[in-house]
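Residue-level listing of the chains:
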Amino acid sequence: MTAPQETVRRLGYEDFAACLALAQDRGWPAEYRAWDLLFAFGEVYGIDDPGGGLAAVIALVRYGDRLANLGGLLVAHRHGRRGLGGLLMRYATERAGTASVWLTATEYGRQMYEGLGFRATGTCTRYAGHLRPGDQPGRWSREAEPSDLPEIIALDAEVFGARRTEVVACLFSVAEQIRLVGGPAGIRGFAGVWRGVDGPVVGPVIAEDSDTAAALLSGLAPAIEGPVRIDLYGHRPKLRAWLEEHGLRDAGGTTVMVYGDDPPGDRARLFAPVTRAIG
Ligand SMILES: CC(C)(COP(=O)(O)OP(=O)(O)OC[C@H]1O[C@@H](n2cnc3c(N)ncnc32)[C@H](O)[C@@H]1OP(=O)(O)O)[C@@H](O)C(=O)NCCC(=O)NCCS
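Residues numbered from 1 in each chain as written. Predicted model: local features only at pLDDT ≥ 70, side-chain atom pairs only at ≥ 80, totals over all residues. Heavy atoms only, no water.

**Brief notes about the pattern of salt bridges**
Working step 1: Summed over the entire model, instances satisfying the criterion amount to 18 salt bridges.
Working step 2: Among the salt bridges present, the one from D231 reaches R126, with a minimum N-O distance of 2.8 Å. Of this pair, D231 sits in strand β11 (residues 228-233) while R126 sits in strand β6 (residues 119-129), and the two are 105 residues apart along the sequence.
Working step 3: Exposure remark for D231: the relative accessible area of 6% places this residue in the buried category.
Working step 4: Across the pair R195 and E176 runs a salt bridge whose closest N-O atoms are separated by 2.9 Å. Placement of the pair is R195 in strand β9 (residues 189-196) and E176 in strand β8 (residues 175-181), with a sequence separation of 19 residues.
Working step 5: For R195, a relative accessible area of 31% corresponds to the partly exposed category. (Salt bridge = Lys/Arg side-chain N within 4 Å of Asp/Glu carboxyl O. Helix = DSSP H or I, 4+ residues; strand = E, 2+ residues; numbered from the N terminus. Buried < 20%, exposed > 50% of the residue type's maximum accessible area, 1.4 Å probe, protein only.)

Following this line, the structure appears as structure tokens:
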């Protein structure tokens, strides 16, 4: 086996299938919608495998000059522990050039990221199962309409800490449903469900508190077929209890890590990302 040259190049859609193959090499699903978002809104970098395909890949999604998200770091099993993961991480962090760089780390990655100067700031727990609605699921939330988009984009920007108009607008075309909770002073939260490769995925969920988040999830539940997953940021004991009462189980955690400044926005109201790689 020839060792890869340590040349990082920007990948394009022609490398899309090779990224999915790399994910499968590591036992991850070929989550093509999530990768599509990364190619559409981010910069994907990789290292070629001299034997064909890719040896390693990483995605950088920049949100203005204050915040960037890293995700999708994968090194082919056959090229592991040779420094390629660290190389791509350093490359992408430097390239981001933002005040804050943010990621969600698996146990494999966490130690390496700490060595690169990232610090743990919280948790992200995957919940999975058949989501049952609460009482009167349609009462507290309603389906979002295109005319709600400007207000949804504004709320997302306030909570996320950066305006990501294109990402949120794209959600309207890929999501199976988006619901919101309104209020006299404007939207108090919204949540979407989209179809992942192994079933429906709930995200993002932005809400002023756990009760609002539960109302959104309850409203989405009747339209969801089969087991769903959601990546929940933070401890959220009240919402976790609600999820467990309504059919979901803890399916494992990752660590939220930051390099540089704490992320902007109001992360307390960010309950779940669109995807972990996009934020
Ligand atoms: C996590 C992952 C990206 C790491 O990639 P990698 O290329 O193996 O990482 P590196 O080689 O740069 O560093 C990993 C370890 O190998 C060690 N290493 C690096 N070069 C080495 C060498 N020549 N010989 C032996 N060990 C070496 C590093 O010191 C590091 O060890 P440590 O974690 O004990 O400090 C890879 O294991 C992977 O794809 N895992 C599955 C997907 C995943 O979890 N991705 C992270 C998402 S957050």
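**Here we look at the packing of aromatic side chains**
The description of two aromatic rings rests on the distance between their centres and on the angle between their planes.
Working step 1: Evaluation of the coordinates by the stated rule reveals nine aromatic pairs.
Working step 2: Residues Y63 and F160 carry aromatic rings whose centres are separated by 4.9 Å and whose planes lie at 80° to one another, so their mutual orientation is edge-to-face. Of this pair, Y63 sits in strand β3 (residues 54-63) while F160 is found in helix α5 (residues 149-160), placing the two residues 97 residues apart along the sequence. Comparing Y63 with F160 shows no difference in burial state: the two are buried.
Working step 3: Centroid distance W102 to Y233: 5.6 Å. Interplanar angle 50°. Geometry classified as tilted. Placement of W102 in strand β5 (residues 100-105) and of Y233 in strand β11 is noted, with a sequence separation of 131 residues between them. Comparing W102 with Y233, the two get one shared label, buried.
Working step 4: One aromatic cluster is present, formed by Y63, W102, F160 and Y233 through successive ring pairs.
Working step 5: A cation over a ring is seen here: R267 above W102, with NZ or CZ 4.1 Å from the ring centre. (Phe/Tyr/Trp six-rings, centres within 6.5 Å; stacked < 30°, edge-to-face > 60°. Lys NZ or Arg CZ within 6 Å of the ring centre and 35° of its normal.)

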